[in-house]
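Topology and contacts: notes
If you want the building blocks of each chain, they are given just below.
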Amino acid sequence: MKIAPTPDNENERQKSLESMGILSTPRDPELDRITRLAERIFNTEIVAISLIDGDRQFFKSRINLGVPETPRDISFCGHAIMHDAPFVVCNAIDDERFSDNPLVVGAPHIRSYAGVPLSNREGYKLGTLCIIDSKTRNFSESEIETLKDLAHWVETVLALRYSERSQRQLLADLDAAHRDMMIDSLTGVWNRRGLEELLAREMTSSRIKGGSAGVFMLDIDHFKQVNDTHGHLIGDKVLQDIAAIMSSCLRDHDIVGRFGGEEFVCVLPGIRLEQTMYLGYKLCNAVRDQCRVSDMDGNAVSITVSVGATWISSETTDLYEPLDVLRIADEALYEAKESGRDTVRYHALDSHGSHGSLDDLKG
């Protein structure tokens, strides 16, 4: 028997699987619907959606399997995730990799197996959708294509469940060390790493559910001058106040984070395109009106921000990665700063993978 090998990126793959929070959730009716359909289509004894987790193969959904998991080292799916294409075994008893496998010589007496690797948005292989029988079987090209279509459906369901988890749920899932890596220690909001992960979730959700989100990049105007004139303690107070102002003036499920230095990012799920500029100016006005920082002599320090905005929809999420969206928002921010600061500029994503300005959205 050949023990199921381990991918070179196993540590990263495992962390990515764990971060999705799908190992400890209840049975999913949508996944069970897929396995029932696969049983009817292929007229097979066993169907499973497996997740390769540490040293086990965990069955997220299963038909005619009496156990929730099996050891990874004897699993067929452990072999399947090493491949990009479907992994097919027509007669396990004649295959030197599996002929003396406990799952072949004993229950469930596997003879034929076909499994399609399941990947998440990050590209890591999580497990498989597989069909198994105790009799030998040759799988036609049409059958393999159908199994691939069903596997894509599984991936879509898993991506949707992943993207629906709230910021609070994400924090609860993280251990202390990982949590500290995603939170900005000065302001208490998300840091760049956390922002990129949450933006990726919102883009996945937008693509699957047909939703939308506004993305705003903010830069504190003349922040270097604030630091040089009033000192870094005052500069830190400005950063903390702006993080608090943005968090308080937005909705609970809106995402606020410090991208780096004096730059912040806000992601507002569910807003309409025509709301984008209005909400950009709302952020500008909130900082101008509410950021009340005094210098060492008690004099008020005037603080404003410039804002670059863009808007994502289900039509554009397949064409852009999260960093592309942030780059386009940053280009709009640069234009806002060049236009006199304390203002908002918008750059649009489009269905061709390019972007431009929408002048009719200003103000």
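Analysis parameters
- Every residue gets a number counted from 1 within its own chain, in the order that chain's sequence is written.
- Since the coordinates come from a predicted model, pLDDT governs what is reported: local features require at least 70, and pairs of side-chain atoms require 80 or more to be given and counted, while whole-chain, interface and lining totals use all residues.
- The side-chain figures draw on all heavy atoms in the structure; neither hydrogens nor water molecules are used.
- Under the scheme used here, helices are H or I runs from DSSP no shorter than 4 residues and strands are E runs no shorter than 2 residues, and both carry numbers assigned from the N terminus.
- Burial here depends on accessible area, computed with a 1.4 Å probe over protein chains only, as a share of the maximum for the residue type. Under 20% is buried, over 50% is exposed, and the range in between is partly exposed.
- Areas reported as accessible are Shrake-Rupley estimates using a 1.4 Å probe. Residue values count occlusion only from the protein chains shown.
- In this tally, Lys and Arg are treated as positive and Asp and Glu as negative; His is ignored, and so are the chain termini.
- Every charge is mapped onto a representative atom, which is NZ of Lys, CZ of Arg, CG of Asp or CD of Glu.
- Pairing between strands is defined by DSSP: at least two bridges between them are needed.
- Here the axes come from fitting lines to C-alpha atoms, over the contacting stretch only for helices, and the angles between their N-to-C directions go from 0 to 180 degrees.
- Whether two residues are in contact is decided by their heavy atoms, any of which lying within 4.5 Å being enough.
- Crossover handedness is defined by viewing with both strands directed away from the observer: a clockwise path from the first strand over the helix to the second marks the crossover as right-handed.
- Here, expected helix span is obtained from the residue count minus one, scaled by 1.5 Å.
- What pLDDT expresses is the predictor's confidence in each residue, scored from 0 to 100.

**Some details on the overall build of the chain**
The number of helices and strands found in the chain is twelve helices and 14 strands. In terms of its C-alpha atoms, the chain occupies a principal-axis envelope of roughly 85 × 40 × 30 Å. Residue burial in the chain is summarised as follows: out of 363 residues, 52% are buried. Roughly 16,700 Å² of accessible area belongs to the chain as shown, and the carbon and sulfur atoms make up 48% of that amount. Treating the 40 positive side-chain charges of the chain as one cloud and the 58 negative ones as another, the clouds have centres 4 Å apart.

**Some words on the pairing of strand 7 (residues 212-220)**
In terms of burial, strand 7 is largely enclosed, as nine of its nine residues are buried. Going residue by residue along strand 7, you find Ser212, Gly214, Phe216, Leu218 and Ile220 tucked away on one face and Ala213, Val215, Met217 and Asp219 tucked away on the opposite face as well. Relative to strand 12 (residues 305-313), strand 7 is paired through nine bridges, and the arrangement is antiparallel. Residue pairing in the sheet places Met217 in a bridge with Gly308 of strand 12.

**Structural notes on the sheet that holds strand 3 (residues 69-71)**
A sheet is described by the order of its strands in space; here six strands give the open sequence 3-2-1-6-5-4, paired in antiparallel fashion. Strand pairing shows two members of the sheet lacking a second neighbour, strand 3 and strand 4 (87-89), which therefore form its edges. Taken over all neighbouring pairs, the strand axes of this sheet differ in orientation by 25 degrees on average, direction set aside. Pairing geometry for strand 4 and strand 5 (residues 112-119), over three bridges, is antiparallel. Of the residues in strand 5, the one forming a bridge with Phe87 is Gly115. On top of the sheet, helix 2 (residues 29-42) reaches strand 1 (46-53), strand 2 (56-63) and strand 6 (125-133); it is set at about 70 degrees to strand 2, its chief contact.

**Focus on the pairing of strand 12**
Across the nine residues that make up strand 12, a large majority, nine, are buried. Neither face of strand 12 is exposed, since Val305, Val307, Ala309, Trp311 and Ser313 on one face and Ser306, Gly308, Thr310 and Ile312 on the opposite face are all buried. You can see the chain leave strand 12, run along helix 12 (residues 322-338) and come back into strand 13 (residues 344-349), and the turn it takes is left-handed.

**A few points about helix 11 (residues 276-290)**
Taking 1.5 Å per residue, 15 residues should reach 21 Å; helix 11 reaches 21 Å between its end C-alpha atoms and fits that length. Looking only at helix 11, the buried set comprises Thr276, Met277, Leu279, Gly280, Leu283, Cys284, Ala286 and Val287. Structurally, helix 11 contributes buried residues whose contacts are with strand 7, helix 10 (232-249), strand 9 (263-269), strand 12 and strand 13.

**Describing the confidence of the model for the chain**
Per-residue confidence for the chain gives a mean pLDDT of 88, with 91% of residues at or over 70. Predicted confidence is poor over residues 355-363, with pLDDT under 50, and the contacts of this stretch with residues over four places away or in other chains come to 26 contacts.

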